[in-house]
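The primary structure of each chain is shown beneath.
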Amino acid sequence: MNNKPKNSRNQPPALPKGEVLATFKTHPEAAALVEKLIAGKFPAGAIAIVGSDLRSVERVRGKINYARMAIAGATTGAWVGLAYALLFGANPDPANLNSSINQIYSGLGSSIVIGAGIGMLANVIRYSLAKNKRTFIAQSTLVAAKYQVQVPSSLFEQAKLIEAQQIITE
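These notes cover the structure that comes with them. None of the values given here were measured: they were computed from a predicted structure.

## A look at the side chain of Q150
Part 1 of the argument: Mapped onto the secondary structure, Q150 falls in strand β3 (residues 136-151).
Part 2 of the argument: For Q150, the contacting residues outside a window of four places in its chain are P16, E19, V20, A46, I47, A48 and V50.

Take a look at the structure:
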């Protein structure tokens, strides 16, 4: 049986409890109020920004085709080839340094080219065998319709006073 004491890292996330100090349409506006509270010596761990009315937004970034997959595979393969050449490359001969340097450069170049070719081929084959091909690249984010800055009820008055003050920055 586990007798470790439970702390906040072991607990599932829960909505913060407290009073809503202010509501904003954007996260930067809410973050600006948090900065003001912290500058006014309010305890940072007692503040929460709660987003509500969440929506998933997927922004299309580009089109996927075989050429793009080949370029991506070649780039990855070239990096793998470079790493392989640096780890397992030729050992220089101290007696004949000029030819050793040429060996290193030729080994480095050929490792990069071979890695790029293998990477390109592997990526194109992987893409052609994929069953659920998407023809576009997208980035998914969560966006809230409104953001509330919440503080504990016991510190609400202190937060209201700090919010009302004009902080002069130098």
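From this point, the narrative continues.
## A word on helix α4 (residues 156-164)
Part 1 of the argument: What α4 keeps buried is the set F156, A159 and I162. One side of α4 holds all its buried residues, which, seen down the axis, span an arc of 125°. Facing away from the buried surface of α4 by more than 90 degrees, the exposed residues are E157, L161 and A164.
Part 2 of the argument: In this structure, the buried residues of α4 make contact with β1 (19-24), α1 (27-39) and β3.

## Things to note about the packing of aromatic side chains
Part 1 of the argument: Per the counting criterion, the structure on display carries 2 aromatic pairs.
Part 2 of the argument: Centre to centre, the rings of Y66 and Y127 are 5.1 Å apart; their planes meet at 80°, and the pair counts as edge-to-face. In this pair, Y66 is assigned in helix α2 (residues 66-88) and Y127 in helix α3 (residues 97-129), connecting sequence segments 61 residues apart.
Part 3 of the argument: The exposure class assigned to Y66 is partly exposed, which follows from its relative accessible area of 40%.
Part 4 of the argument: On the basis of relative accessibility, which here comes to 10%, the residue Y127 falls in the buried class.

## With respect to the pattern of salt bridges
Should the charged atoms of two oppositely charged side chains come close, the side chains can pair.
Part 1 of the argument: This structure, assessed with the given rule, holds 2 salt bridges.
Part 2 of the argument: Among the ionic pairs, R134 bridges to E58, the shortest N-O distance being 2.7 Å. Note that R134 is positioned in the loop between α3 and β3 and E58 in strand β2 (residues 48-63), a separation of 76 residues in sequence.
Part 3 of the argument: Notably, a salt bridge pairs E163 with K160, separated by 3.5 Å at the nearest N-O pair. With E163 and K160 both in helix α4 and 3 residues apart, this pair spans about one turn of that helix.
Part 4 of the argument: Judged by relative accessible area, K160 falls into the partly exposed class, the value being 34%.

## Section: α1
Part 1 of the argument: Between its terminal C-alpha atoms α1 stretches 18 Å, which fits the 18 Å expected from 13 residues at 1.5 Å a residue.
Part 2 of the argument: Listed in full, the buried residues belonging to α1 are A30, L33, V34 and L37. Down the axis of α1, the buried set is contained in an arc of 100°. They therefore lie on one face. Along α1, the residues that are exposed and aim more than 90 degrees away from the buried face are P28 and E35.
Part 3 of the argument: Its buried side turned inward, α1 meets β1, β2, β3 and α4.
Part 4 of the argument: Of the residues flanking the end of α1, it is K41, one or two places downstream, whose phi is positive at about 70°.

## A few points about the packing of α1 against α4
Part 1 of the argument: Between α1 and α4, whose axes approach to 9 Å, the crossing angle comes to 105°. One element, α1, and the other, α4, form an angle in the roughly perpendicular class. Residue-level inspection shows L33, K36 and L37 of α1 in contact with α4, the latter providing A159, I162 and E163.
Part 2 of the argument: Here the residues of the contact of α1 with α4 sort into 4 nonpolar, no polar and 2 charged.

Criteria and thresholds
- Along each chain, residues carry numbers from 1 onward, in the same order as the chain's sequence is written.
- Where local features are concerned, this predicted model is filtered to residues with pLDDT of at least 70; where side-chain atom pairs are given and counted, the filter is 80 or more; whole-chain, interface and lining totals use all residues.
- Hydrogens are left out, water is left out, and the side-chain values use all remaining heavy atoms of the structure.
- Every helix listed is a DSSP run of H or I at least four residues long, and every strand listed is a run of E at least two residues long, numbered separately from the N terminus.
- Any two residues whose heavy atoms approach within 4.5 Å at even a single point are treated as in contact.
- Each residue's exposure class comes from its accessible area (1.4 Å probe, protein chains only) as a fraction of the maximum for that residue type: buried when under 20%, exposed when over 50%, partly exposed otherwise.
- Think of it as the arc spanned by the lines of direction from the helix axis to the C-beta atoms.
- For this analysis, a ring pair means two rings from Phe, Tyr or Trp (six-membered ring only for Trp) whose centres lie within 6.5 Å, classed as stacked if their planes differ by under 30 degrees, edge-to-face if by over 60, and tilted for the remaining angles.
- The term salt bridge refers to a side-chain nitrogen of Lys or Arg lying within 4 Å of a carboxyl oxygen of Asp or Glu.
- Here the expected span of a helix is defined as 1.5 Å times the quantity of residues minus one.
- Here, axes are lines fitted to C-alpha atoms. For helices the fit covers the stretch in contact, and angles between N-to-C directions go from 0 to 180 degrees.
- The labels follow the angle: roughly parallel below 35 degrees, roughly antiparallel above 145, roughly perpendicular from 65 to 115, and oblique for the rest.
- Each residue receives one of three labels: charged for Asp, Glu, Lys and Arg, nonpolar for Ala, Val, Leu, Ile, Met, Phe, Trp, Tyr, Cys and Pro, and polar for the others, Gly being one of them.

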